[in-house]
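Working through the structure, step by step
Okay, here's what each chain looks like letter by letter:
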Amino acid sequence: MPEKINIDTEFITLGQFLKLAEVIQSGGMAKWFLSEHDIFINGEQDQRRGRKLRAGDKIQIAGFGEFVITE
């Protein structure tokens, strides 16, 4: 069962998501984390920390779990 991450805006960036989901401790870690881990958004690999995530998007991070964005 994917963990639900609730947002109250139209979208958040992948970097913001990582911090909100408590995968990383600070926004400064996002670039390093994305270079070291495979992240799949809606089944497609994406490493762009500026990638916009909207409600309904599914994120899979090996070793960290599955997440879904909700409003």
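Whatever comes next refers back to the structure up there.
All of these numbers come straight from a predicted model, not from anything done at the bench.

If you tally the helices and strands in the chain, you get two helices and seven strands. Along the chain, from the amino end to the carboxyl end, the secondary structure elements read β-β-α-α-β-β-β-β-β. Since a compact globule built from 71 residues should have a radius of gyration of about 11 Å, the 11 Å found for the chain is in line with a globular shape. In terms of principal-axis extent, the alpha carbons of the chain reach across some 30 × 20 × 20 Å. Considering the chain as a whole, with its 71 residues, one finds that 35% of them fall into the buried category.

Positive phi, close to 60 degrees, is recorded for E22, a residue that is not glycine. Positionally, E22 belongs in the loop between α1 (14-20) and α2 (30-36). On the basis of relative accessibility, which here comes to 69%, the residue E22 falls in the exposed class.

The next point concerns the nonpolar core. Judged by nonpolar contacts, the single largest core of 19 residues is most densely connected at F17, L18, I39, I59 and I61. Sorting the residues of this core by element identifies α1, α2, β3 (39-41), β6 (58-61) and β7 (65-70) as the ones contributing at least two each. Residue contacts for I59: discarding those within four places in its chain leaves F17, I39, F40, I41, L53, G65, E66, F67 and I69.

So, how was this worked out
- Residues numbered from 1 in each chain as written.
- Predicted model: local features only at pLDDT ≥ 70, side-chain atom pairs only at ≥ 80, totals over all residues.
- Heavy atoms only, no water.
- Helix = DSSP H or I, 4+ residues; strand = E, 2+ residues; numbered from the N terminus.
- Rg over C-alpha atoms; globule rule 2.2 N^0.38 Å.
- Buried < 20%, exposed > 50% of the residue type's maximum accessible area, 1.4 Å probe, protein only.
- Core = buried A, V, L, I, M, F, W, Y, C linked by side-chain atoms within 4.5 Å.
- Contact = heavy atoms within 4.5 Å.

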